[in-house]
Amino acid sequence: MLLLEDDEDLRFAIGFALRSGGLAVDEVGDLPAADAALAVNAYDCAVFDRLLPSGDALGYLRDRRSTGFTVPVLLLTALDAVHERIAGLEHADDYLVKPFAMAELIARVHSLCRRAPSDPGPVLHCGDLTVDTGRHEVRRAGVLLTLTGKEFTVLTDLVRGQGAALSRSDLVGGAWDELVEPASNVLDVVLAQLRRKLGPPPMIHTVRGIGYRIDPG
């Protein structure tokens, strides 16, 4: 995995903890170094400090996502306002506020690494929507959509069960770990982002008292 943190002492502490948790870690201190590392290595996941002397890692991640970058990313930041979390989850797969418990960070990173793309999978279809589970690519009417890892996982689960309603617990269990409660609003944020990115006509529908389903638009 890749760790991007400009504070040298904190970077050392996080790197040491992650390695103690059984992870192989490359450490960098700025965005150019992250760029160089990503150019030559394939990572299962990444942890990005957000506010860096070389720029805002959220903007960097947004630009990366627009070019098809699918590595699961956790943003680690002191920005704890709700609107900052929502903005972060627009492009990142997880968001952890400083100060944090190192054990929680390790658990979240392990969870992200488990969701990294591995073996090629089938191509799923729902109307004009195509989900390539091997390439981690989603297209609607032939247009490539830029999704975060969690958005991709939730959408894939919905398409696999298309026509049937999936409960909140089903969707949360598929995309998050045991640290997230089904009643949390993280699923609502992801569903709102998916609905916006999929565009009209709407495909994801709320089934009152049950959960959500996807149907051809």
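For the structure, check the block above.
Let me sum up the structure you'll find in this document.

What counts as what
- Position numbers for residues count from 1 along each chain, tracking the sequence in the order it is written.
- Local features are withheld for residues below a pLDDT of 70 in this predicted model, meaning they are given only at 70 or higher, and side-chain atom pairs are given and counted only at 80 or more; totals for whole chains, interfaces and linings count all residues.
- Note that water and hydrogens are dropped before the side-chain values are worked out from all heavy atoms of the structure.
- Helix numbers and strand numbers start at the N terminus; a helix is a DSSP run of H or I with at least 4 residues, a strand a run of E with at least 2.
- As defined in this context, the radius of gyration uses C-alpha atoms, and a globule is described by 2.2 Å times the residue total to the power 0.38.
- Between buried and exposed lies partly exposed: a residue is buried under 20% and exposed over 50% of the maximum accessible area for its type, with that area taken using a 1.4 Å probe on protein chains only.
- For this analysis, residues touch if any pair of their heavy atoms sits within 4.5 Å.
- Note on areas: these come from Shrake-Rupley sampling with a 1.4 Å probe, and a residue is covered only by the protein chains present in the view.
- For the purpose of counting charges, residues Lys and Arg are taken to be positive, whereas Asp and Glu are taken to be negative. His and the chain ends are not included.
- Note on charges: their place is set at NZ of Lys, CZ of Arg, CG of Asp or CD of Glu.
- Strands pair, by our definition, only if DSSP identifies at least two bridges between them.
- Multiplying 1.5 Å by the helix residue count minus one yields the expected span of that helix.
- Nonpolar side chains (Val, Leu, Ile, Met, Phe, Trp, Tyr) are joined into patches within 5 Å and like charges within 9 Å, using only residues with over 30% relative accessible area and no salt bridge.
- A pair is scored as a salt bridge if a Lys or Arg side-chain nitrogen falls within 4 Å of a carboxyl oxygen belonging to Asp or Glu.
- In this analysis, axes come from line fits to C-alpha atoms, helices being fitted only over the stretch in contact, and the angle between any two N-to-C directions falls in the range 0 to 180 degrees.
- To form a nonpolar core, buried Ala, Val, Leu, Ile, Met, Phe, Trp, Tyr and Cys residues must be joined to one another through side-chain atoms within 4.5 Å.
- The directions considered for the arc run from the helix axis to the C-beta atoms.
- Oblique is the label for every angle not falling under 35 degrees (roughly parallel), over 145 degrees (roughly antiparallel), or within 65 to 115 degrees (roughly perpendicular).
- Three residue categories are used. Nonpolar comprises Ala, Val, Leu, Ile, Met, Phe, Trp, Tyr, Cys and Pro, charged comprises Asp, Glu, Lys and Arg, and polar comprises the others, including Gly.

Attention shifts here to the overall build of the protein chain. Looking only at helices and strands, the protein chain features eight helices and 13 strands. Taking 2.2 N^0.38 as the reference for a compact globule, 217 residues should give roughly 17 Å; the C-alpha atoms of the protein chain span a radius of gyration of 17 Å, in line with that estimate. Considering only C-alpha atoms, the protein chain reaches an extent of 50 × 35 × 30 Å along its principal axes. When burial is assessed residue by residue, the protein chain has 48% of its 217 residues classed as buried. Put simply, 57% of the contacts in the protein chain that link residues at least 6 apart link residues at least 24 apart. Accessible surface, the protein chain as shown: approximately 10200 Å² in total, 54% of it carbon and sulfur. Here the protein chain contributes 22 positive and 31 negative side-chain charges, whose respective centroids are spaced 7 Å apart.

Let's shift gears to the pairing of strand 12 (residues 204-207). Of the pairings in the sheet, the one linking strand 12 to strand 13 (residues 211-214) comprises four bridges and is antiparallel in character. Within strand 13, the residue paired with Thr206 across the bridge is Tyr212.

Moving on, we get to helix 5 (residues 102-114). For helix 5, built from 13 residues, the straight-helix expectation of 18 Å at 1.5 Å per residue is met to within 8% by its first-to-last C-alpha distance of 19 Å. Regarding helix 5, the residues found buried are Leu105, Ile106, Arg108, Val109, Ser111, Leu112 and Cys113. For helix 5, the secondary structure elements touched by its buried residues are helix 1 (8-20), strand 3 (46-49), strand 6 (73-77), strand 7 (94-97) and helix 6 (149-160).

Another point: a negative patch on the surface. A surface patch of like charges, here negative, comprises Asp6, Asp7, Glu8, Asp9 and Asp30. Counting through the fold element by element, Asp7 comes out in the loop between strand 1 (2-4) and helix 1.

On to the sheet that holds strand 11 (residues 143-145), then. The strand order across the open sheet formed by four strands is 8-9-10-11, and the pairing between neighbours is antiparallel. Here the strands that pair on one side only, and so sit at the sheet edges, are strand 8 (123-126) and strand 11. Sheet twist, expressed as the average angle between the axes of neighbouring strands with direction ignored, equals 25°. In the sheet, strand 8 pairs with strand 9 (residues 129-132) via four bridges, with the strands oriented antiparallel. Bridge assignment links His125 to a residue of strand 9, and that residue is Thr130. On top of the sheet, helix 6 reaches strand 8, strand 9 and strand 10 (137-140); it is set at about 115° to strand 9, its chief contact.

This part takes up the nonpolar core. With 25 residues, the main nonpolar core has Leu129, Val154, Leu155, Leu158 and Ile214 as its most contacted residues. If we ignore the near neighbours within four places in the chain, the residues touching Leu158 are Leu166, Leu171, Leu191, Ile204, Tyr212, Arg213 and Ile214. By size, the runner-up hydrophobic cluster in this structure holds 24 residues, among which are Leu2, Tyr60, Phe69 and Val71.

Within helix 7 (residues 168-175), the full set of buried residues consists of Leu171, Val172 and Ala175. The arc that holds every buried residue of helix 7, seen down its axis, measures 95°, which confines them to one face. Packing partners of the buried residues in helix 7 comprise helix 6, helix 8 (186-198) and strand 13.

What follows concerns the packing of helix 6 against helix 8. At a minimum axis separation of 10 Å, helix 6 and helix 8 run at an interaxial angle of 80°. Of the possible angle classes, the one that applies to helix 6 and helix 8 is roughly perpendicular. Residues Lys150, Glu151, Val154, Leu155 and Leu158 of helix 6 form the contact with helix 8, whose own contacting residues are Leu187, Val190, Leu191, Gln193, Leu194, Lys197 and Leu198. When grouped by side-chain class, the residues that make up the contact of helix 6 with helix 8 number eight nonpolar, one polar and three charged.

Bringing unusual backbone geometry into the picture now. Between Lys98 and Pro99 the backbone carries a cis peptide bond, its omega angle lying at -5°. The topology assignment puts Pro99 in the loop between strand 7 and helix 5. A cis amide bond, omega -10°, links Pro200 with the succeeding residue Pro201. Examined against the element boundaries, Pro201 turns out to sit in the loop between helix 8 and strand 12. The backbone of Ala141 sits at a positive phi, close to 55°, despite the residue not being glycine. With respect to the helices, strands and loops of the structure, Ala141 is situated in the loop between strand 10 and strand 11.

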